[in-house]
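Each chain, letter by letter, is given below.
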Amino acid sequence: QAQLVESGGGLVQAGGSLRLSCAASGRTFNNYDMGWFRQAPGKEREFVSAINWSGGNTYYADSVKGRFTISRDNAKNTVYLQMNSLKPEDTAVYSCAAKPGIGSYYSLHLYRYWGQGTQVTVSS
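Residues numbered from 1 in each chain as written. Predicted model: local features only at pLDDT ≥ 70, side-chain atom pairs only at ≥ 80, totals over all residues. Heavy atoms only, no water.

Participant: Please provide a residue-by-residue account of the sheet that holds strand β8 (residues 78-83), values included.
Facilitator: In spatial order, the strands read β1-β3-β8-β7; together these four strands make up an open sheet with antiparallel pairing. The open sheet has two free edges, formed respectively by β1 (3-7) and β7 (68-73), since each of these has just one partner strand. Averaged over all adjacent pairs, the angle separating strand axes in this sheet is 15°, with direction ignored. In this sheet, β8 lies alongside strand β3 (residues 18-25) in antiparallel orientation, the contact comprising six bridges. Looking at the pairing, C22 lines up with V79 of β8. (Pairing = 2+ DSSP bridges. Helix = DSSP H or I, 4+ residues; strand = E, 2+ residues; numbered from the N terminus. Axes fitted to C-alpha atoms, helices over the stretch in contact; angles between N-to-C directions.)

Have a look at this one:
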């Protein structure tokens, strides 16, 4: 059974950094695009970042561009999200997801597999 498990969330002060990991198991995701999404309390889930199957192309929401970096290690079946210069408005549950290598990276409904999420809280 395919599974995505996030880790690395926590509480950090504004300006700090966190590195999220998303470990895949149950199948290989090497030919899948991977994305990170987040959902803050009372808000809809939103796109944060995505990376294509080879790692050669990356995509970011304007709100995180220049602060967050997505990467993947296909040998380890793992995707990472390095988050720097964190702001209180980055507080949310962060989830990773996987989709086949076609279609928009920004559309939630195209992602077939989802992790359970990890909480990121940024204090001011």
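Back to the text.
Participant: Kindly report on the pairing of strand β9 (residues 92-100), identifying the contributing residues and their values.
Facilitator: For β9, a buried count of seven out of nine residues is recorded, marking the element as mostly surrounded by other parts of the structure. Note that strand β4 (residues 32-39) and β9 share eight bridges and pair antiparallel. Within the sheet, the bridge partner assigned to M34 lies in β9 and is A98. Across three bridges, β9 lies against strand β11 (residues 118-123) in antiparallel orientation. Considered in β11, the bridge of Y94 is made with T118. Here two bridges tie β9 to strand β10 (residues 113-114), and the two strands are oriented antiparallel to one another. Note that in β10 the partner of A97 across the bridge is W114. (Buried < 20%, exposed > 50% of the residue type's maximum accessible area, 1.4 Å probe, protein only.)

Participant: Give a detailed account of the state of the cysteines, specifying residues and quantitative values.
Facilitator: As enumerated under the stated definition, the model contains one disulfide in all. With a sulfur-sulfur separation of 2.0 Å, C22 is cross-linked through a disulfide to C96. For the disulfide bridge between C22 and C96, the dihedral angle about the S-S bond is near 60°, and by the sign convention the bridge is right-handed. Of this pair, C22 sits in strand β3 while C96 is found in strand β9, placing the two residues 74 residues apart along the sequence. (Disulfide = S-S within 2.5 Å.)

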